[in-house]
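Listed below are the residues making up each chain.
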Protein chains: 2
Amino acid sequence: MSDILIKGDNSQSYRAADELFLEFERMIVSGELCDGEALPPEREIVETFGVSRTVVREAILALSNKGLVEAKPRFRPVVRKPNFDTAIDTVGNVVSRLLEEGDGVKNLFDTRIMVEVYLARQAAVDAKRDDMQSLKDALEENEAAINNMDLFFQTDVKFHRVLYAMSGNPLLPSIHRAYITWLKPNWVKMPTLPARNQLNFESHTAIYNAILMRDPDKAEAATRKHLADAWDQINNILSAAK
Amino acid sequence: MSDILIKGDNSQSYRAADELFLEFERMIVSGELCDGEALPPEREIVETFGVSRTVVREAILALSNKGLVEAKPRFRPVVRKPNFDTAIDTVGNVVSRLLEEGDGVKNLFDTRIMVEVYLARQAAVDAKRDDMQSLKDALEENEAAINNMDLFFQTDVKFHRVLYAMSGNPLLPSIHRAYITWLKPNWVKMPTLPARNQLNFESHTAIYNAILMRDPDKAEAATRKHLADAWDQINNILSAAK
DNA sequence: AACTAATTTTAGTCATACCAAACTGGATAT
DNA sequence: ATATCCAGTTTGGTATGACTAAAATTAGTT
């Protein structure tokens, strides 16, 4: 099952570039190389580690591909201490392509329903006062932006982001960001109408009210309806494209 | 927010290796290069594309880092058409290290609770007869393995896998695999006792029965209890290690 | 047909060289 | 003193050739 990982983990690296990569990875994760710091020049690394520039370049390239350094062409690679967002970005392109096949977008959207239904239920059970205030603020910003296309999208995203943040789990905001990143390409294709904004705002309100009333079932129902609407909108775009 | 992605997307690649990488990526995703097929020798690619071996090697390395080819040292890289499992493997090492920090494992485990609670509730609502049979089979295999440490772990994993598969969403099995991969290192450290296996089996039974009775709330409760137990076991290991 | 030895091919590595872009420090202008 | 500009230096991207050890292939043998 986990052949690939096992291989990657326990096999000694026979390539010098791999070992150098691991060394730098260790230094970055341990903080020996700080975030934002630039890597030494390639020729200096050559001297330090006694390997050829070929090896150094391949190691740096690997760091770049894994998102551990940010390497613009002709600039010194800058150390980026990895977090879950960068991890997601690392696979971003591949995932985007995978989503284009078959029901990829639909399947991803279904997992979003899964997450948000859970979050809504959970919020209805144990949302704190501060969180409810944040959610209310986001809701009001959303309402105020109904006639502003761009701003409405932003406040829409923010409302959901607050829901994710309310979980108190720092992984959830990263997951939310991933959903936005991967689903946005389908989203931006559709024309935004004030009428639709109004509908979405009302859906948000329904979710908020259900949570406020401490009614998990109602919160779930409101979330499902909202996301079902959203999917219809995306799906129209997708099927129109065919 | 999505600076990194935008940069990666719209900036023309000024590095020849990047362009070659994109060309191969396209060929792999489009199926022009089939899964399992070996890449041509480096020197042949040099001729075909009129670039130096340096560039070819860097492009291939990038493919390898992204999981689009499997490159054992000294062997020709083998094309691997990407799927969600390989995407997860690509970030596997980095994520593993991230999890080691702070409450990383706990946070990941909490998302697992989120997913499985949802799945259990959903199964209670709309599980099909075939799915229930699969779940029952897995449960019986699990019971039969109570006195066999390794086998119990396998059947334990399988029971949960059936739950993930019942969603009908092909992304969920990949997510399940990710959980196993990332949480297993903590799991294998603990001694397996028949008594604990018995407890876990009974938890599985409770989940199964709740789903069978079409009771989402009870299914959720049983799942939460089971995973809370599991977390206690993991947590004992984690805190003992400190 | 199966096994083994000799040969060829190839990935990994090193060294060197060149170019163009980025960087540096000092001179000049404001 | 600060900003601007220019020349020299450094550095990343690329190309080329060479060498080694391992893999793939072929030839030869049983």
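Residues numbered from 1 in each chain as written. Chains lettered and ligands numbered in written order. Predicted model: local features only at pLDDT ≥ 70, side-chain atom pairs only at ≥ 80, totals over all residues. Heavy atoms only, no water.

**Observations regarding the overall build of chain A**
Note the threshold: Helix and strand assignments follow DSSP, with helices taken as H or I runs no shorter than four residues and strands as E runs no shorter than two, numbered in order from the N terminus. Only C-alpha atoms enter the radius of gyration; for comparison, a globular chain is expected to reach 2.2 Å times N to the power 0.38, where N is the number of residues. Buried means the residue's accessible area, taken with a 1.4 Å probe over protein chains only, is under 20% of the maximum for its type, while exposed means over 50%, and partly exposed covers the values in between. Residues count as neighbours in contact if any of their non-hydrogen atoms are within 4.5 Å of one another. Using a 1.4 Å probe, accessible areas were evaluated by the Shrake-Rupley method; residue-level cover was limited to the displayed protein chains. Just so you know, the count uses Lys and Arg for positive and Asp and Glu for negative, and it drops His and the chain ends. Lysine's charge is taken at NZ, arginine's at CZ, aspartate's at CG and glutamate's at CD.
From N to C terminus, chain A includes 12 helices and two strands. Secondary structure elements of chain A, listed N to C terminal, follow the sequence α-α-α-α-β-β-α-α-α-α-α-α-α-α. For a compact globule of 242 residues, the expected C-alpha radius of gyration is about 18 Å, and chain A comes in at 23 Å, more than 25% above that figure. Dimensions along the principal axes, computed over C-alpha positions, put chain A at roughly 65 × 45 × 40 Å. Across the 242 residues of chain A, 47% fall into the buried class. A separation threshold of at least 6 residues defines the contact pool for chain A, and within that pool the share at least 24 residues apart is 70%. Accessible surface for chain A amounts to roughly 12100 Å². Of this, 53% is attributable to carbon and sulfur atoms. Charge centroids of chain A, computed over 30 positive and 36 negative side chains, lie 3 Å from each other.

**Things to note about the protein's contact with DNA strand D**
The condition that has to hold: Each residue is tested against the molecule or strand, and it is near if at least one of its non-hydrogen atoms lies within 4 Å. In protein, a polar contact means a hydrogen-donor-capable atom and an acceptor-capable atom, both N or O and within 3.5 Å, with residues adjacent in sequence counting only if both atoms are side-chain atoms; elsewhere, any N or O pair within 3.5 Å suffices.
Close to DNA strand D lie 19 residues, the nearest being A:Arg53, A:Arg57, A:Arg74, B:Ala16 and B:Ser52. Atoms of DNA strand D within 4 Å of the protein: sugar and phosphate make up 63%, bases the balance. The separation between a phosphate oxygen of DNA strand D and a polar side-chain atom of A:Arg57 is 2.7 Å. Within the side chain of B:Arg53, an N or O atom sits 3.4 Å from a base nitrogen of DNA strand D. Elements with a contribution of two residues or more to the surface near DNA strand D: helix H3 (42–49) and helix H4 (53–65) of chain A together with helix H4 (53–65) of chain B. Per-element tally for the surface near DNA strand D: the top contributor is H4(B), with three residues.

**What about helix H10 (residues 171–187) of chain A?**
Residue and element names in this part refer to chain A. Inclusion rule: To estimate the expected span of a helix, subtract one from its residue number and multiply by 1.5 Å. A residue's bend is the angle separating two fitted axes: one through the seven residues that end there, the other through the seven that start there.
Between its terminal C-alpha atoms H10 stretches 23 Å, which fits the 24 Å expected from 17 residues at 1.5 Å a residue. Remark: the principal bend of H10, roughly 30 degrees, maps to Thr 181, with a proline, Pro 185, within the next four residues. Counting buried residues in H10 gives 13 out of 17 residues, a clear majority hidden from the surface.

**Things to note about the packing of helix H8 (residues 129–144) of chain A against helix H11 (residues 194–212) of chain A**
Residue and element names in this part refer to chain A. Quick reminder of the rule: Fitted lines through C-alpha atoms give the axes, limited to the stretch in contact for helices. The angle between two N-to-C directions lies from 0 to 180 degrees. An angle below 35 degrees is read as roughly parallel, one above 145 as roughly antiparallel, one from 65 to 115 as roughly perpendicular, and any other as oblique. Working rule for handedness: look at the near helix, and if it is turned counterclockwise from the far one by less than a right angle, call the crossing left-handed; if clockwise, right-handed. Residues are sorted three ways: Asp, Glu, Lys and Arg are charged, Ala, Val, Leu, Ile, Met, Phe, Trp, Tyr, Cys and Pro are nonpolar, and all the rest, Gly among them, are polar.
Packing of H8 against H11 brings their axes to within 10 Å, and their N-to-C directions diverge by 165 degrees. Between H8 and H11, the crossing angle belongs to the class labelled roughly antiparallel. Between H8 and H11 the crossing geometry is left-handed. Along its contact with H8, which presents Met 132, Leu 135, Lys 136, Leu 139, Asn 142 and Glu 143, the element H11 presents Phe 201, His 204, Thr 205, Tyr 208, Ile 211 and Leu 212. Considering only residue class, the contact of H8 with H11 consists of seven nonpolar, three polar and two charged.

**Side note on the packing of aromatic side chains**
Residue and element names in this part refer to chain A. What counts, and what does not: Two rings from Phe, Tyr or Trp (for Trp, the six-membered ring) form a pair when their centres are within 6.5 Å of each other. A pair whose planes differ by under 30 degrees is stacked, one over 60 is edge-to-face, and the rest are tilted. Both a distance and an angle decide whether a charge sits over a ring: NZ of Lys or CZ of Arg must be within 6 Å of the ring centre and within 35 degrees of the ring normal.
In this structure the tally under the stated criterion is four aromatic pairs over all chains. Here Phe 24 and Phe 49 contribute two aromatic rings whose centre-to-centre distance is 5.7 Å and whose plane-to-plane angle is 50 degrees, an arrangement assigned as tilted. One end of the pair, Phe 24, is in helix H2 (residues 16–30); the other, Phe 49, is in helix H3, and 25 residues separate them in sequence. Judged by relative accessible area, which is 33%, Phe 49 ranks as partly exposed. Sitting above the plane of the Phe 75 ring, Lys 72 keeps its charged end 4.7 Å from the centroid.

**Section: the interface of chain B and chain A**
Which entries qualify depends on this criterion: We define buried area as the total accessible area lost by two parts upon association, computed with a 1.4 Å probe and summed across both. What counts as a salt bridge is simple: a side-chain nitrogen of Lys or Arg found within 4 Å of a carboxyl oxygen of Asp or Glu.
Residue-level contacts link 58 residues of chain B with 59 residues of chain A. Carbon and sulfur atoms supply 63% of the area buried between chain B and chain A, which totals about 5500 Å² over both sides. If you look at where chain B meets chain A, you find six salt bridges. The closest approach of N and O atoms between A:Glu25 and B:Arg97, which form a salt bridge, is 2.7 Å. Our enumeration of links across chain B and chain A arrives at 14 residue pairs in polar contact (both at pLDDT 80 or more). Secondary structure elements with two or more residues in the side of chain B that touches chain A: helix H1 (3–10), helix H2 (16–30), H4, helix H5 (84–90), helix H6 (92–100), helix H7 (104–126), helix H10 (171–187) and helix H12 (216–240) of chain B.

**Some details on the environment of B:Leu183**
All names here are of chain B. Within the secondary structure, Leu 183 is located in helix H10. In this structure, the C-alpha to C-alpha distance between Leu 183 and Leu 108, residues 75 residues apart in sequence, is 8.4 Å. Apart from residues no more than four positions distant in its own chain, Leu 183 is found in contact with Val 105, Leu 108, Phe 109 and Arg 112.

**Digging into the protein's contact with DNA strand C**
With respect to spatial proximity, 19 residues lie near DNA strand C, and among them A:Arg15, A:Ala16, A:Ser52, B:Arg53 and B:Arg57 are the closest. Each atom of DNA strand C within 4 Å of the protein was classed as base or backbone; sugar and phosphate made up 64%. At a separation of 3.0 Å, a base nitrogen of DNA strand C approaches a polar side-chain atom of B:Arg74. Sorting the residues of the surface near DNA strand C by element identifies H4 of chain A together with helix H3 (42–49) and H4 of chain B as the ones contributing at least two each. Considering each element in turn, the surface near DNA strand C owes the most residues, three residues, to H4(A). Class assignment for the residues of the surface near DNA strand C results in seven nonpolar, two polar and 10 charged.

**Observations regarding the domain arrangement of chain A**
This is how the line gets drawn: In this entry, domain limits derive from an automatic or database-based domain assignment.
Assigned domains of chain A: these are domain 1 (11–82) and domain 2 (90–240). Computed over C-alpha atoms only, the centres of domain 1 of chain A and domain 2 of chain A are separated by 38 Å.

**As for the pattern of salt bridges**
On inspection of all chains with the given rule, the structure shows 38 salt bridges over all chains. Residues B:Glu58 and A:Arg57 are paired through a salt bridge, measuring 2.9 Å at the closest nitrogen-oxygen approach. Of this pair, B:Glu58 sits in helix H4 while A:Arg57 sits in helix H4, placing the two residues on different chains. The class of A:Arg57 is partly exposed, set by a relative accessible area of 29%. Note that B:Arg121 is salt-bridged to B:Glu220, the shortest N-O span being 2.5 Å. With B:Arg121 in helix H7 and B:Glu220 in helix H12, this residue pair connects regions lying 99 residues apart in the sequence. The pair formed by B:Arg121 and B:Glu220 is uniform in burial state, with each residue classed as buried. Each member of the salt-bridge network shares a partner with another, and the members are A:Arg121, A:Asp217, A:Glu220, A:Arg224, B:Arg121, B:Asp217, B:Glu220 and B:Arg224.

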